[in-house]
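If you want the building blocks of each chain, they are given just below.
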Amino acid sequence: MEKVKRIFGELNITWPKLIIFAIIAGTYAAMMALIPALKETSFHDIAVSFEVWILIGIIIIMNSKSPLDSALKCFIFFLISQPLIYLIQDVINHSHLFYTYYRNWVPWTIATLPMGFFGHYLKKDKWWGLIILCPILIFLGLHFGQYLSETIFSFPLHLLTTLFCFITLLIYPFVIFNNKKLKKAGVIISTVIIISMIIYTIIKPPIYNTNLLTNGGSAGAVFDNNYKVYLVDEGFGKVNIEYESGLDDWIVKAKLKKAGKTELVLESPNGEKEKFEVIIKRNTYTITKKN
């Protein structure tokens, strides 16, 4: 833990080092987003989520020399790194991600100025430092809950991100504060956040609600409410036939509980069966009629 603690206060982050690190971090995140095999994995998460950037921000803050130094270094780091993520992808894929998505990060980049300024006071080892840390812990806790849900649905996808959030929630109070009471209070707060997210996920497990088939649709299924429908492996969820007034037709609705491959069976009133292969992901699926 002592070696880890040195990262949070004993680094000499000069301006040249900060700028080089910002370029490296932005380039790395862009590369993770560009590799198709890494999509929807923990390695891709750095390009779309906050948890790693929170860690970097805290490291910059804890190694700053003054509130102004902290604010400016946080701002410049994110001003360089975040646009790079989209610009590199645009150059390589000839896309328009920068104009489409970077604008969503502009308010966050501006917010690093006050966050960096007030975050510097975490170094003072006072109770109000814990108050400053609490919103960060809550924000990170929400990420932990989100990725815990993603991992449960699509195991082992996002498992590393879930563990990263879990570990950093507990580490931050240890490495930021020297006061034992503050450490203990911070760990208790983080533990409560972690337990709350676990309980919430258990009470409200991840469900993917979608329509798998439409009568006469592109999958080639023809059915009505006289048909039976079921998944060969019911562990993937439940399906049923309902009338969709907006389409003025019958659909197969699904409440899916996990990712993977299974078969859906449509059984006519006279016992004839049509089988469809279903490949389920967290927020999408493909369904193909089997011969």
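Scroll up a little and you will see the structure.
These notes cover the structure that comes with them. (Residues numbered from 1 in each chain as written. Predicted model: local features only at pLDDT ≥ 70, side-chain atom pairs only at ≥ 80, totals over all residues. Heavy atoms only, no water.)

## Looking at the sheet that holds strand β4 (residues 249-256)
Pairing is antiparallel in the open sheet, where 3 strands are placed in the order β1-β4-β3. Each end of this open sheet is capped by a strand with a single partner; those strands are β1 (208-214) and β3 (237-244). Ignoring which end each strand starts from, the neighbouring axes of this sheet average 30 degrees apart. Bridge count for β3 against β4 is 8 bridges, and the pairing is antiparallel. (Pairing = 2+ DSSP bridges. Helix = DSSP H or I, 4+ residues; strand = E, 2+ residues; numbered from the N terminus. Axes fitted to C-alpha atoms, helices over the stretch in contact; angles between N-to-C directions.)

## So, the packing of aromatic side chains
In the structure shown here, the tally under the stated rule is 14 aromatic pairs. Residues F8 and Y172 carry aromatic rings whose centres are separated by 6.5 Å and whose planes lie at 70 degrees to one another, so their mutual orientation is edge-to-face. Of this pair, F8 sits in the loop between α1 (2-7) and α2 (15-34) while Y172 is found in helix α8 (residues 159-176), placing the two residues 164 residues apart along the sequence. For the pair formed by F8 and Y172, the shared burial category is buried. Relative to F77, the ring of W53 lies with its centre 6.2 Å away and its plane at 50 degrees, an arrangement referred to as tilted. Of this pair, W53 sits in helix α4 (residues 51-62) while F77 is found in helix α5 (residues 67-93), placing the two residues 24 residues apart along the sequence. The class for F77 is buried, based on a relative accessible area of 0%. (Phe/Tyr/Trp six-rings, centres within 6.5 Å; stacked < 30°, edge-to-face > 60°. Buried < 20%, exposed > 50% of the residue type's maximum accessible area, 1.4 Å probe, protein only.)

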